[in-house]
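Here is what each chain is made of, one letter per residue.
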Amino acid sequence: MTAKAACSDFLHFFRSWISNPLRVAAIAPSGDSLARIMTSEIAALDGPIIELGPGTGVFTRALLARGVSEADLTLIEYGPEFIDALQARFPAARVLQMDAAHLAQAEIFEDEPVGAVISGLPLLSMSPPKIAAILAGVFAYMRPGGAVYQFTYGPRCPVPRQILDRLGLESVRIGGTVRNLPPASVYRISRRKPLELSRERLRYRDGDADIDVAAFSGETGG
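Residues numbered from 1 in each chain as written. Predicted model: local features only at pLDDT ≥ 70, side-chain atom pairs only at ≥ 80, totals over all residues. Heavy atoms only, no water.

Naming follows an unreviewed UniProt entry, where the protein appears as Phospholipid N-methyltransferase of Rhizobium binae.

Right, here's the structure in full:
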């Protein structure tokens, strides 16, 4: 990426943060150092791959650099301000504007299960029921051995322990970098044991959750 394009992305991202700091949750796009850690365990054979909250496409480019086919990428972006740029930069990828909490009902992978999920979502600013709905949705599509890679600016995994336990998941810190604004850590979230999640049972609505995750709001203390 050229310096001019990088500057343009920074300004684009910063304006999005100014307009909605809770949704964007960072003042600048993730750096190359963080992108390398986020994608370090992913190979070309892991496709198809979902990316949640790709923003300006920093992690997307890192996936392509690791040999992942652009056609194997499904980019889930909620912010409309990023959609046109993602479609222009990654024309062979599938770009969907939607809330990641509704993935379970989207039926976007009917034939081949997903090998990995890269998440740039600001989980620390989300409610426990919404976090649970997102994870339940992506693991409903995930093949055995697949994992979610999530970064955070906090001191620990951004997924509350109660949610991990309820969904049969575990988290492991795989690295971190101070060469990012702000410094960040990366966690791998995977199944502890075989777990089947039926998409027919999963429902999420703003302020409500029609799956077991509804209990999390009381268990986690918000």
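## Brief notes about the nonpolar core
Among the nonpolar cores identified, the biggest contains 33 residues, and Leu52, Leu103, Leu135 and Val159 are the most heavily contacted of them. Element by element, the count of residues in this core is highest for helix α7 (residues 128-141), at 9 residues. Those residues in contact with Leu103 that lie beyond four places of it in its chain are Leu52, Ile76, Met98, Ile108, Val138 and Tyr141. Among the nonpolar cores identified, the runner-up in size contains 26 residues, and Met38, Leu75, Leu86 and Val186 belong to it. (Core = buried A, V, L, I, M, F, W, Y, C linked by side-chain atoms within 4.5 Å. Buried < 20%, exposed > 50% of the residue type's maximum accessible area, 1.4 Å probe, protein only. Helix = DSSP H or I, 4+ residues; strand = E, 2+ residues; numbered from the N terminus. Contact = heavy atoms within 4.5 Å.)

## Focus on the packing of aromatic side chains
For the structure shown, the criterion picks out 3 aromatic pairs. Geometrically, the ring pair formed by Phe109 and Tyr141 is edge-to-face, given 6.1 Å between the ring centres and 70° between the ring planes. With Phe109 in the loop between α6 (103-106) and β4 (114-119) and Tyr141 in helix α7, this residue pair connects regions lying 32 residues apart in the sequence. Look at Phe109 and you get buried, because its relative accessible area is 13%. Taking relative accessible area as the criterion, Tyr141 reaches 3% and is therefore assigned buried. Note on Phe151 and Tyr153: the rings are 5.4 Å apart at their centroids and 65° apart in plane angle, and the pair reads as edge-to-face. What links up through ring pairs into an aromatic cluster is the set Phe59, Phe151 and Tyr153. The residue whose ring lies beneath Arg94 is Phe109, and the NZ or CZ to ring-centre distance is 4.9 Å. (Phe/Tyr/Trp six-rings, centres within 6.5 Å; stacked < 30°, edge-to-face > 60°. Lys NZ or Arg CZ within 6 Å of the ring centre and 35° of its normal.)

## Structural notes on the environment of Ala184
With respect to the element layout, Ala184 can be found in strand β7 (residues 184-191). Overall, Ala184 belongs to the buried group, its relative accessible area being 6%. For the pair Ala184 and Pro155, spaced 29 residues apart in sequence, the C-alpha to C-alpha distance is 8.9 Å. Once residues lying within four places of it in the same chain are set aside, the contact partners of Ala184 are Leu34, Phe151, Thr152, Tyr153, Gly176 and Thr177.

## Considering unusual backbone geometry
With omega at 0°, the peptide bond leading from Gly47 into Pro48 counts as cis. If you trace the backbone, Pro48 turns up in the loop between α3 (32-39) and β1 (49-52). Although it is not a glycine, Glu107 sits at a positive phi angle of roughly 50°. Looking at the secondary structure, you find Glu107 in the loop between α6 and β4.

## As for the sheet that holds β1
Across a sheet, paired strands are connected by hydrogen bonds in the backbone, their directions being either parallel or antiparallel. Across the sheet, which stays open at both edges, the 7 strands sit in the order β3-β2-β1-β4-β5-β7-β6 with mixed pairing between neighbours. Lying at the two open borders of the sheet, with one neighbouring strand each, are β3 (94-97) and β6 (169-177). Looking at each pair of strands side by side, their axes are set apart by 20° on average, direction ignored. Where β6 and β7 come together, 8 bridges link them in antiparallel fashion. Residue pairing in the sheet places Ser171 in a bridge with Ile189 of β7. Across the face of the sheet, α7 comes into contact with β1, β4, β5 (142-152), β6 and β7 while running at roughly 145° to β5. (Pairing = 2+ DSSP bridges. Axes fitted to C-alpha atoms, helices over the stretch in contact; angles between N-to-C directions.)

## What about helix α4 (residues 58-65)?
Every buried residue belonging to α4 is among Val58, Phe59, Thr60, Ala62 and Leu63, and all of these are buried. Structurally, α4 contributes buried residues whose contacts are with α3, β1, β2 (73-77), β4 and β5. Positive phi appears at Gly67, one or two residues downstream of α4, with a value of about 95°.

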